[in-house]
Amino acid sequence: MKVSDALASAFLKEGVTTVFGLMGNGNMYWWHALDQHPDVTIHETRHEGTALTMAEGWARATGEVGVCAVTQGPGLTQLATSLTVASRAKVPMVVFAGETALSDHDSVQKYNQQKFVDATEAGFVPIWKASEAEDAVRTAFYRARVESRPIVLNAPMDVQAEEYTGEIDEYEPSSTLLPGYQRILPDPDRLRDAVTLITESKRPVIVAGQGAQKAGAGDAIVKLADRVGALLATTLPMKGWLGDHEYHVGVSGLYATKTAIELFAEADVVIGVGASLNHYTTEHGYIFPNAKYVQIDLQPSIVMGNGKRADHYLRGDALLTVEAIEQQLADGGVTSNGFRTAEVRGMLAEYDPDPRDFEIDAGTVDPRRAASILDDALPSSVGVIHGTGHCSGITAFFMKKPRDLTWAINTFGCIGQAVPTAIGAAVARPGQAMAVVDGDAGTLMHASELDTAARLGVKLLIAVFNDEALGAEYQKFVSKKMDARASAIPTPDLGAVARAFGCRGQLCTTLDEVKAGVDEFMAGDGPMLLDIRVSRSVVSVPYSRLWFGEDV
Amino acid sequence: MIEIHERFDVPSAPEEVWAVLSDPHAVVGCVPGASIVGQSEDGTLDTSVVVKFGPTRVTFRAQAKLELDEAARQGNVSAQGKDSIGGTRMRSTARFGVTPGPGASGSAVSIDGTVEVSGRMASLIEGGASLVVKRMSGEFAQRLAERCAAGHP
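No experiment lies behind these values; they were computed from the predicted model shown.

**Q** Sorry, what's going on with the overall build of chain A here?
**A** The number of helices and strands found in chain A is 24 helices and 18 strands. Here the C-alpha radius of gyration of chain A, 25 Å, is about what a compact globule of 552 residues would show, namely 24 Å. Counting only C-alpha atoms and orienting by the principal axes, one finds that chain A spans roughly 75 × 65 × 45 Å. Within chain A, the fraction of its 552 residues that count as buried is 57%. When the accessible surface of chain A is totalled, it reaches about 21800 Å², and 50% of it is carbon and sulfur. Both charge centroids of chain A, one from 48 positive and one from 70 negative side chains, sit 5 Å from each other.

**Q** Would you mind showing me how to read the overall build of chain B here?
**A** Helices and strands together make up the secondary structure of chain B, namely four helices and seven strands. Listed N to C, the secondary structure of chain B is β-α-α-β-β-β-β-β-β-α-α in terms of helices and strands. What you see for chain B is a C-alpha radius of gyration of 15 Å, in line with the 15 Å of a compact globule of 153 residues. Here the C-alpha coordinates of chain B stretch approximately 50 × 35 × 25 Å along the principal axes. Burial analysis of chain B (153 residues in total) assigns 45% to the buried set. Taking all contacts inside chain B whose residues are at least 6 apart in sequence as the whole, residues at least 24 apart take part in 51%. Of the roughly 7600 Å² of accessible surface on chain B, 50% is carried by carbon and sulfur atoms. Seen as two clouds, the 15 positive and the 18 negative side-chain charges of chain B have centres 8 Å apart.

**Q** For this particular structure, what's the right way to read the interface of chain A and chain B?
**A** Many structure descriptions define interface size as the accessible area lost when the parts assemble. Each side of the interface is counted separately: chain A has 20 residues, and chain B has 21 residues. The tally of links between chain A and chain B comes to one salt bridge. The residue B:Lys52 makes a salt bridge to A:Asp551 at a minimum N-O spacing of 2.6 Å. Remark: the boundary between chain A and chain B carries eight residue pairs in polar contact (both at pLDDT 80 or more). Contributing elements (two or more residues each) for the side of chain A that touches chain B: helix H12 (258-264) and helix H24 (541-548) of chain A. For the side of chain A that touches chain B, the leading source of residues is H24(A), giving four residues. Residues of the side of chain A that touches chain B, tallied by class, amount to eight nonpolar, six polar and six charged.

**Q** Would you explain the side chain of A:Thr421 in this entry?
**A** Residues and elements named next belong to chain A. Locating threonine 421 in the fold gives a position in helix H18 (residues 418-428). Judged by relative accessible area, which is 2%, threonine 421 ranks as buried. Each residue touching threonine 421, except ones within four places of it in the same chain, is listed here: Thr53, Gly57, Ile385, Trp407 and Ile409.

**Q** Sorry if this is basic, but what is going on with the pairing of strand S16 (residues 460-466) of chain A here?
**A** Looking along a regular strand, one sees side chains alternate from face to face of the sheet. All names here are of chain A. In terms of burial, S16 is a largely internal element, seven of the seven residues being buried. Residues Leu460, Ile462, Val464 and Asn466 line one face of S16 and the alternating positions Leu461, Ala463 and Phe465 line the opposite face, and both faces are buried. Both strand S15 (residues 434-439) and S16 contribute to a ladder of six bridges, which runs parallel. Residue pairing for S16: aspartate 438 is matched across the bridge by valine 464. As paired elements, S16 and strand S18 (residues 528-533) share six bridges and run parallel to each other. Within S18, the position partnered with leucine 461 by the bridge is methionine 528.

**Q** I'm lost on unusual backbone geometry in this one. Help?
**A** Only a minority of non-glycine residues have a phi that is not negative, and only a minority of peptide bonds are not trans. Residue and element names in this part refer to chain A. Phi angles above zero are rare outside glycine, and serine 148 is one such case at about 45°. Take serine 148: it is sitting in the loop between helix H7 (133-147) and strand S6 (150-156). We note that glutamate 283 has phi near 50°; this positive angle belongs to a residue other than glycine. Mapping glutamate 283 onto the fold places it in the loop between helix H13 (279-282) and strand S11 (292-297).

**Q** Help me understand the confidence of the model for chain B, please; the structure alone is not making it clear to me.
**A** When pLDDT is low, close inspection of the predicted coordinates is not appropriate. Residue and element names in this part refer to chain B. Residues at a pLDDT of 70 or more form 96% of chain B, whose mean pLDDT is 88. Here helix H3 (residues 120-125) is the element of chain B with the lowest mean pLDDT, 72, and strand S5 (residues 74-83) is the one with the highest, 93. Under the prediction, the complex receives an ipTM of 0.85, its pTM being 0.93.

**Q** How should I be thinking about the pattern of salt bridges in this particular structure?
**A** Pairing between side chains of opposite charge can happen when the charged atoms of each approach one another. Residues and elements named next belong to chain A. Applying the stated criterion across every chain, the model contains 32 salt bridges over all chains. One salt bridge connects lysine 223 with glutamate 326, and the closest N-O pair in it is separated by 3.9 Å. Here glutamate 326 lies in helix H14 (residues 318-331) and lysine 223 lies in helix H11 (residues 218-228), a separation of 103 residues in the sequence. By relative accessible area, glutamate 326 is classed as buried at 7%. Overlapping salt bridges bring together Asp354, Arg356, Asp366, Arg368, Arg369 and Glu550 as one network.

**Q** Even after reading the chapter, I still don't get the nonpolar core, so can you show me in this structure?
**A** Generally speaking, nonpolar side chains in soluble globular proteins are found buried as a group. The biggest cluster of nonpolar side chains holds 47 residues, and the ones touching the most others in it are A:Leu52, A:Leu76, A:Val152, A:Ile385, A:Val436, A:Leu460 and A:Ile462. In terms of residue count, the dominant contributor to this core is H18(A) (eight residues). The next biggest cluster of nonpolar side chains, apart from the first, holds 38 residues, and it includes B:Trp18, B:Val51, B:Met90 and B:Met136.

Calculation criteria
The numbering scheme is per chain: residues are counted from 1 as the chain's sequence reads. Naming scheme: in the order in which they are written, chains are lettered from A and ligands are numbered from 1. Reporting of local features is limited, given that this is a predicted model, to residues whose pLDDT is at least 70; pairs of side-chain atoms are given and counted only at 80 or more, and all residues count toward the totals for whole chains, interfaces and linings. As a convention, hydrogens and water are excluded, and side-chain values are obtained from all of the structure's heavy atoms. Each helix is a run of H or I in the DSSP string that is no shorter than four residues. Each strand is a run of E no shorter than two, and both are numbered from the N terminus. Only the C-alpha atoms count toward the radius of gyration. The rule for a globule is 2.2 Å times the residue count to the power 0.38. Burial classes: relative accessible area under 20% of the type maximum marks a residue as buried, over 50% as exposed, and values in between as partly exposed (1.4 Å probe, protein chains only). Computed with the Shrake-Rupley method and a 1.4 Å probe, the accessible areas treat only the protein chains shown as cover for residues. As used throughout, the charge tally considers Lys and Arg to be positive and Asp and Glu to be negative, leaving His and the chain termini uncounted. Here the site of a charge means NZ on Lys, CZ on Arg, CG on Asp, or CD on Glu. Every residue pair with non-hydrogen atoms within 4.5 Å of one another is taken to be in contact. The working definition used for a salt bridge is a side-chain nitrogen of Lys or Arg within 4 Å of a carboxyl oxygen of Asp or Glu. Whenever a nitrogen or oxygen atom comes within 3.5 Å of another N or O atom, the pair is scored as a polar contact, on the condition that within protein one atom can donate a hydrogen and the other can accept it, and that pairs from neighbouring residues in sequence are kept only if both atoms are in side chains. Charged means Asp, Glu, Lys or Arg here, nonpolar means Ala, Val, Leu, Ile, Met, Phe, Trp, Tyr, Cys or Pro, and polar covers whatever is left, Gly included. DSSP calls a pair of strands paired once it identifies at least 2 bridges connecting them. Confidence of the predictor at the level of single residues is given by pLDDT, which spans 0 to 100. Here, nonpolar core refers to any group of buried Ala, Val, Leu, Ile, Met, Phe, Trp, Tyr and Cys residues whose side-chain atoms link them within 4.5 Å.

So this is what it looks like as structure tokens:
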């Protein structure tokens, strides 16, 4: 048995069923061995970076360790952006990376792979000799879970080709080394101090982050909020979570509605649950000018986006800590109406995210109306992934329906991630329709993956808000009264492009065509792209605030 | 750094406009969201200004100093301070003047200066800050005209 076979066997024993990758001579023998197993499906992509991102989307949707396979040298360096994104997103993954033979110093593909991986903020596990092969796989999966980030398993071709003499049947997977997540409670004195502050609060707000969902604290948060009359809000990555509560005000931060910002100004206590309350969520603290903070998280300590620590930092499991606070309040007979007044309810019910009128360019639609049509026509069972760019500031405001899955892709602030993330998430949820909304530049960056989407047959709606420009830069140029044409790039009919790749596709220049397109997507099978031509004249609410100083 | 270059006409005589512009309390009354909260012995004014960046309100506390050249009807105002949360500093200087205006009884007012915002707010307000300052300058002109028309103070 070759080392490459032993490595494949170890991946199987780790429970791997799904791999995304692009084959090259550094991973082909490992790939071949793994592919022989009936329980494993390896999805071939058209770029290494998108393979990594699909595996990331799959990992996020399943909660399992995502697996990606690339070949050596240039195969690995194609991961530069996507691997950095996954590192920053703290997604547990293992990347099988071939490496040029250790003995080969003249290969054109020779490269210092560890230096590269270090720069992407991912972990690195090298395999220096054959006897270490299985231990290395176990270490990679262990570290991926414990460090919650991608780990690159570096496998030189000459080591892979050696004979393996170990007992592969005796492999013990990394799960045997993990003690399991331990739910810890904060120091009782700190807890009591926080409860005292919350008891005195007249206007509390709860901001829930990813840590709250991870701990399963949703119901407990609602119970606490109802007891003290708190408004509910989330960080941007958690957009839509707990969204069917009548006192949910949406996202906190630049993507907050005007009504939410006006209410936040009245808040006297902010309770952050599993949220770092960074400068995005708190607008450097300015979104809560009159509040004291209680923060619940697992980090040893956190400096919030206002440059300070919380008044009461509670290190503990989100669920147990929120339950403990609620229990102490209940024991003390504390209840408060807080923000729960008819006036506030009226403000939230009547809210129009953007009442402004814009002249719509000929042959295009108002992107706000298009987003509303998408939101109405896609049932709540359809997950929606928002991309990055000017259009996401519109779709995030106008797609408000609480959904089984809502992700806002903004890690590392790059375009091009949303579509491959969505393909990976769609693979993870077979039989369930999924939608991704992104700009034209973001979609076109990895248009070759339309082939992968068609090949895999995922029921994925790719709604492109096409302003035929780098939309964010276009609006910045306009705000500075510069010549915005430098940021405009014409596109072909992306519906026709999608059809050529084997997807369904449609160009939409009217709102009726958008509605018809979504209906056609829902009625049929497989991926579909809607090239929705949107008017550049409509500036998103976040950009209107940031670049035009508008009070919207 | 945000530059201010404002030119506007006020339908009141130069001496009436100057009477407002040379009175710190009247000037502060013309700045939207501003108030005087104290005065130190050297004449420096302790002022508070609420600025709206989009829907977000930020309160600045600034020490402002006014120097007047009565004969030339010109003045310098300099202010520096920080916001109530403490993450952002601002520094501003401006030179203003009143001359007889184009109309028989009107005045022309000029304001030239700079505003510097540094610290946490700087990224939050991005390019919109210059438009906010521009809007405040416009409101200042309007309030000044109204105050002069109503008969100072």
